Amino acid sequence: MTDRLILGQTLAFTESPFVVPPVDAARHDSRGAIAVRDGRIAAMGSADDLRRDHPELPETDMGDALLLPGFVDAHMHYPQTGIIASWGKRLIDWLNGYTFPEEMRLSDRDYAAEAAARTLDFALAHGTTTLTSFCTIHPHSGDVFFDAAAERHMAVVAGKTCMDRNAPEGLRDTAQSAYDDSAALINRWHGQGRATYAISPRFSPTSTPAQLEALGALWAEHPTCLMQTHLSEQVEEVAWVKELFPDARDYLDTYEAHGLLGKRGLYGHAIHLEPREIDRLAEVGAAAVHCPTSNTFIGSGLFDMASLAARLNVGLATDTGGGSNFSMLRTMAAAYEVGQLRGTPLHPAQLLWLATEGSAKALHMAEEIGTLKPGSMADIVALDLGSTPMIAQRSMRARDIWEAVFPTIMMGDDRAVARVWVAGNPVPRPA
Ligand SMILES: [Zn+2]
């Protein structure tokens, strides 16, 4: 039984804070409520109004906690949870030194299932209710992730990673097997319950043109699927792509030429872009996904949020294990720091929007997740805005909700997550 009235402070976006002035983009209610029925949000408003309209609903009173949509992580790698925070390498060495040996271990189905379950539980503990994950080349790596998400009623996006070159023996598929195995997973999972499939070439350096072509054809046959990959993360990588694809106009063209540019495309990182690439992403309505803790941790570069968010769908993501933290709070803080280094500080409204509705829009799932709008699934997080003494002494001086929430964005972690609901069900607290 998920029907309930959840009471607390509410913050609901009415517009994108990248389109209107950030302070005008959201409605804050210091004593608000959310009515949940059958796993969905039935209504949101003041506590007084909703108590009057729904007198039969049992109440869960979260006091001063801030009720927000559950966070939406638009790009991560569950197989890399075990190697998060590994020291000292740049992208290609990181892949060869840490990622590929770990992804090899997921050839064992039980190991993969345990990694999937552990990852989803870490995410929930941090208030993240939707993950968008790459799996490994092993088809069962997709099955175990979708299975574990279904057990937890979570909306997730995932796909079997495809690589047929520049990866070690044991982590390579072929153009044909990537097509066949991805197609089988789409048939098994896409649209089942809350599962969405993303066709997932890792990135151009690890796919031959033949494999990219096969996956482009698969996407054309299954246009409601998402497609996720990486784009222009590090300058060495961009140079390598130029060598591997001498005829391509730019990095994005290696996807575009093979049917892998579309509005349901998710392009992770997108740091070192040419003007033509930005134009094309904007024209087709594709999404760039910003992974700030990864970009600083691996030393990749500074995403240009101010320019790109004005023209593209932009999602926010941890990119764990290249990213250094599961927390979307820490991820927002890193996005703020990257913005500062580019001379464009992001407003807390922009940060919170990116971590919820912005990412949901990038995934084309904003009707279902990422907002508190009636009809949306009741994936909700309650944040304690005074979760540590340091945060509390700062937020108690706040003059408005933005000043009250910013210390939690900058200094908060899983201790700030007072409670999480997925499809209206409270998530059991970790033992
Ligand atoms: Zn990634």
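Basis of the calculations
Every residue gets a number counted from 1 within its own chain, in the order that chain's sequence is written. Predicted model: local features are reported for residues with pLDDT of at least 70 only, side-chain atom pairs are reported and counted for 80 or more only, and whole-chain, interface and lining totals are derived from all residues. Hydrogens and water are ignored here; the side-chain numbers use all heavy atoms of the structure. We count a stretch as a helix when DSSP gives it H or I for four or more residues in a row; a strand needs E for two or more, and each element gets its number in order from the N terminus. Given a helix with a known number of residues, its expected span is that number minus one, times 1.5 Å. Polar contacts, as used here, are pairs of N or O atoms within 3.5 Å; protein pairs need one atom able to donate a hydrogen and one able to accept it. Residues neighboring in sequence count only if both atoms are side-chain atoms. For Na, K and Ca the donor cut-off is 3.2 Å, while for other metals it is 2.8 Å, and in both cases only N, O and S atoms qualify; water is not among them, so sites may look incomplete. Every geometry call rests on angle ranges, with four donors termed tetrahedral when all angles are between 85 and 135 degrees, four termed square planar and six termed octahedral when opposite donors are over 155 degrees apart and all others are between 65 and 115, and everything else termed irregular. Three labels apply to residues, based on accessible area from a 1.4 Å probe with only protein chains included: buried if under 20% of the type maximum, exposed if over 50%, partly exposed otherwise in between. For salt bridges, the criterion is a side-chain nitrogen of Lys or Arg within 4 Å of an Asp or Glu carboxyl oxygen. The pairing criterion is simple: DSSP has to find at least two bridges between the two strands. The contact criterion used throughout is that any non-hydrogen atoms of two residues lie within 4.5 Å. Here, axes are lines fitted to C-alpha atoms. For helices the fit covers the stretch in contact, and angles between N-to-C directions go from 0 to 180 degrees. Cavity: a set of points on a 1 Å grid over the protein atoms alone where a 1.4 Å probe fits but cannot get out. Pocket: an open set with protein on both sides within 12 Å along at least five of seven lines, its lining residues, like those of a cavity, having an atom within 4 Å of a point. Grid points are joined across faces, edges and corners, and a volume is the space filled by probe spheres set on the points. Each residue receives one of three labels: charged for Asp, Glu, Lys and Arg, nonpolar for Ala, Val, Leu, Ile, Met, Phe, Trp, Tyr, Cys and Pro, and polar for the others, Gly being one of them.

Draft legend 1. A look at helix H3 (residues 109-125). In a regular helix each residue adds 1.5 Å, so 17 residues correspond to 24 Å; H3 covers 24 Å between its end C-alpha atoms and thus fits that length. The backbone nitrogen of Asp110 lies 2.8 Å from a side-chain oxygen of the residue at the head of H3, namely Asp108. Where H3 ends, the next residue or the one after it, Gly127, has phi of about 85°, a positive value.

Draft legend 2. Summary view of the coordination of the zinc ion. Note on the zinc ion: its protein donors are His75 (NE2), His77 (NE2), His230 (NE2) and Asp319 (OD). The metal-donor distances range over 2.1 to 2.3 Å. Relative to the metal, the 4 donor atoms surrounding the zinc ion lie at angles of 90 to 166°, and the coordination shape comes out irregular. Counting along the primary sequence, the residues that act as donors to the zinc ion give the motif H-x1-H-x152-H-x88-D. One end of the pair, His77, is in strand E5 (residues 71-77); the other, Asp319, is in the loop between strand E13 (313-316) and helix H12 (328-341), with 242 residues separating them in the sequence. Residue His77 is classed as buried on the basis of its relative accessible area, which comes to 3%. Relative accessible area serves as the criterion here: at 4%, Asp319 is assigned to the buried category.

Draft legend 3. Region of interest: the pattern of salt bridges. Tallying each qualifying case throughout the model produces 31 salt bridges. For Arg40, the salt bridge is made with Glu368, and the minimal N-O distance between the two is 3.1 Å. Taken together, the residues Arg40 in strand E3 (residues 40-46) and Glu368 in the loop between helix H13 (348-362) and strand E14 (380-383) connect sequence positions 328 residues apart. Classification of Arg40 by relative accessible area gives partly exposed; the value is 31%. By relative accessible area, Glu368 is classed as partly exposed at 32%. Two residues, Glu114 and Arg118, come together in a salt bridge whose shortest N-O distance is 2.7 Å. Taken together, the residues Glu114 and Arg118, both in helix H3 and 4 residues apart, mark about one turn of the helix. Taking the relative accessible area as the measure of exposure, Arg118 reaches 26% and is therefore partly exposed.

Draft legend 4. Representation of the sheet that holds strand E16 (residues 425-426). One open sheet holds the 7 strands; their spatial order is E3-E2-E1-E4-E14-E15-E16, and the pairing between them is mixed. Two strands bound the open sheet, and with one partner strand each, they are E3 and E16. Where E14 meets strand E15 (residues 417-422), 4 bridges bridge the pair, whose relative direction is antiparallel. In the sheet register, Ile380 faces E15, and the bridge partner there is Trp421. Packed onto the sheet, H13 meets strand E1 (4-13) and strand E4 (59-69) and runs at close to 120° relative to E1.

Draft legend 5. A look at the pairing of E14. The alternating pattern of E14 places Ile380 and Ala382 and Val381 and Leu383 on opposite faces, both of which are buried. Direction of pairing for E4 relative to E14: antiparallel, over a ladder of 4 bridges. Paired with Leu67 across the bridge in E14 is Ala382.

Draft legend 6. Broad picture of the layout of surface pockets. As a volume, the second largest pocket reaches approximately 200 Å³. Taken together, 13 residues make up the lining of the second largest pocket; nearest its centre are Gln9, Asp64, Leu385, Ser395 and Ala404. Only E4 and helix H15 (401-411) provide two or more residues apiece to the lining of the second largest pocket. In terms of residue class, the lining of the second largest pocket is made up of 5 nonpolar, 4 polar and 4 charged.

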